[in-house]
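Notes for the structure review
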Amino acid sequence: DSGVTQTPKHLITATGQRVTLRCSPRSGDLSVYWYQQSLDQGLQFLIQYYNGEERAKGNILERFSAQQFPDLHSELNLSSLELGDSALYFCASSVEPGRVYNEQFFGPGTRLTVL
Amino acid sequence: AQKITQTQPGMFVQEKEAVTLDCTYDTSDQSYGLFWYKQPSSGEMIFLIYQGSYDEQNATEGRYSLNFQKARKSANLVISASQLGDSAMYFCAMISKETSGSRLTFGEGTQLTVNP
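Everything in this summary refers to the structure shown in the same document.

This paragraph deals with the overall build of chain A. A tally of regular secondary structure across chain A gives 0 helices and 11 strands. In sequence order, chain A lays out its α and β elements as β-β-β-β-β-β-β-β-β-β-β. Its C-alpha radius of gyration of 13 Å places chain A within 12% of the 13 Å reference for a compact globule of 115 residues. Across its three principal directions, the C-alpha atoms of chain A cover 40 × 25 × 25 Å. Looking at chain A as a whole, 51% of its 115 residues qualify as buried. Just so you have it, chain A exposes about 5,500 Å², and 47% of that area is on carbon and sulfur atoms. Here chain A holds 9 positive side-chain charges and 12 negative ones, and the gap between their average locations is 2 Å.

Shown next as structure tokens:
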């Protein structure tokens, strides 16, 4: 158990809908990362937050947004869902961003299926 | 641009034998970190081992060791005495200052199957 929690574990929804994925980082970790794992794109970085502020952005679609709250949990919002958004979404957390040694602990992931 | 390449989509090894999973990387930065993660069929990502670009010795963690050849830009994972539970997808990843934040850039992964 990495100490990172993600809910829900599975999510099945229809095209055009909106969903929210939730992540709680490990105790003491200030940085949260979101990654998407799909068959065609592999593991891709979406976005990073540090202590409530956006730190870095990857190939995140405009239909996707995220935030980190004062209690450090984070939410990833996916809207106008398309079939291609079906993927495993990981949240990870770390103590100290900005260093190249920055072990990231991954949550169990949320498997999103868009029908 | 930062890039990780894993050229072995699948590898097979007999139980109790050693296996090497290949990883090459590209970055223009001198300071970077290399990571290996394991993803079993259950889906979670498990951190295995880390190597810093300035580390003079190869990293080791139990049965895992990292064969770091900086001039060749390779960071191969060696698993000794393979066990059935080692069957999983293995990802090589990198963090460098070349990209903003502390994002991990992953390779395509290698599916390892350990045969009894």
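Now that the structure has been shown, we can carry on.
Here the focus is the state of the cysteines. Residue and element names in this part refer to chain B. Tallying each qualifying case throughout the model produces 2 disulfides over all chains. Each disulfide pairs two cysteine sulfurs, and for C23 the partner residue is C92, the sulfurs being separated by 2.0 Å. Where C23 bonds to C92 through sulfur, the torsion about that S-S bond is close to -60 degrees, and the disulfide is left-handed. Here C23, found in the loop between strand 3 (19-21) and strand 4 (24-26), pairs with C92, found in strand 10 (residues 88-96); they are 69 residues apart in sequence, far enough to count as distant. Judged by relative accessible area, C92 falls into the buried class, the value being 0%.

Residue and element names in this part refer to chain A. On the basis of which strands lie adjacent, the open sheet formed by 4 strands has the order 1-3-8-7 and antiparallel pairing. The open sheet has two edge strands, strand 1 (5-7) and strand 7 (64-68), and neither has a second partner. Strand-to-strand twist of the sheet, defined as the mean angle between neighbouring strand axes without regard to direction, takes the value 15 degrees. Note: strand 1 against strand 3 (residues 19-24), 3 bridges, orientation antiparallel. Opposite Q6, over in strand 3, you have C23 as the bridge partner.

With that out of the way, let us pick up the nonpolar core. Among the nonpolar cores identified, the biggest contains 25 residues, and B:W36, B:L77, B:Y90 and B:L112 are the most heavily contacted of them. Elements with a contribution of two residues or more to this core: strand 2 (10-14), strand 3, strand 5 (32-39), strand 6 (46-52), strand 8 (64-69), strand 9 (74-79), strand 10 and strand 12 (110-115) of chain B. In terms of residue count, the dominant contributor to this core is strand 10 of chain B (4 residues). Within the second largest apolar cluster, 21 residues are counted, among which are A:V4, A:C23, A:I47 and A:A66.

Glancing now at the packing of aromatic side chains. The geometry of an aromatic ring pair comes down to the distance between the two centres and the angle between the two planes. Per the stated rule, a full pass over the model turns up 15 aromatic pairs over all chains. Summarising the aromatic geometry, the rings of A:Y35 and A:F106 are spaced 5.4 Å apart at their centres and angled 35 degrees between planes, so their arrangement reads as tilted. Of this pair, A:Y35 sits in strand 4 (residues 31-38) while A:F106 sits in strand 10 (residues 105-106); the two residues are 71 residues apart in sequence, bridging distant segments of the chain. Judged by its relative accessible area of 0%, A:Y35 falls in the buried class. A relative accessible area of 3% means that A:F106 is categorised as buried. Seen from their ring centres, A:F64 and A:Y89 are 6.5 Å apart, and the 70 degrees between their planes marks the pair as edge-to-face. Note that A:F64 is positioned in strand 7 and A:Y89 in strand 9 (residues 87-94), a separation of 25 residues in sequence. For the pair A:F64 and A:Y89, one class covers both residues: buried. An aromatic cluster is defined as three or more aromatic residues linked by ring pairs; in this entry it consists of A:Y33, A:Y35, A:F45, A:F90, A:F106, B:F35, B:Y37, B:F47, B:Y50, B:F91 and B:F106.

The rules behind each value
- Residues numbered from 1 in each chain as written.
- Chains lettered and ligands numbered in written order.
- Predicted model: local features only at pLDDT ≥ 70, side-chain atom pairs only at ≥ 80, totals over all residues.
- Heavy atoms only, no water.
- Helix = DSSP H or I, 4+ residues; strand = E, 2+ residues; numbered from the N terminus.
- Rg over C-alpha atoms; globule rule 2.2 N^0.38 Å.
- Buried < 20%, exposed > 50% of the residue type's maximum accessible area, 1.4 Å probe, protein only.
- Areas by Shrake-Rupley, 256 points an atom, 1.4 Å probe, with all protein chains shown as cover.
- Lys, Arg positive; Asp, Glu negative; His and termini not counted.
- Charge placed at Lys NZ, Arg CZ, Asp CG, Glu CD.
- Disulfide = S-S within 2.5 Å.
- Pairing = 2+ DSSP bridges.
- Axes fitted to C-alpha atoms, helices over the stretch in contact; angles between N-to-C directions.
- Core = buried A, V, L, I, M, F, W, Y, C linked by side-chain atoms within 4.5 Å.
- Phe/Tyr/Trp six-rings, centres within 6.5 Å; stacked < 30°, edge-to-face > 60°.

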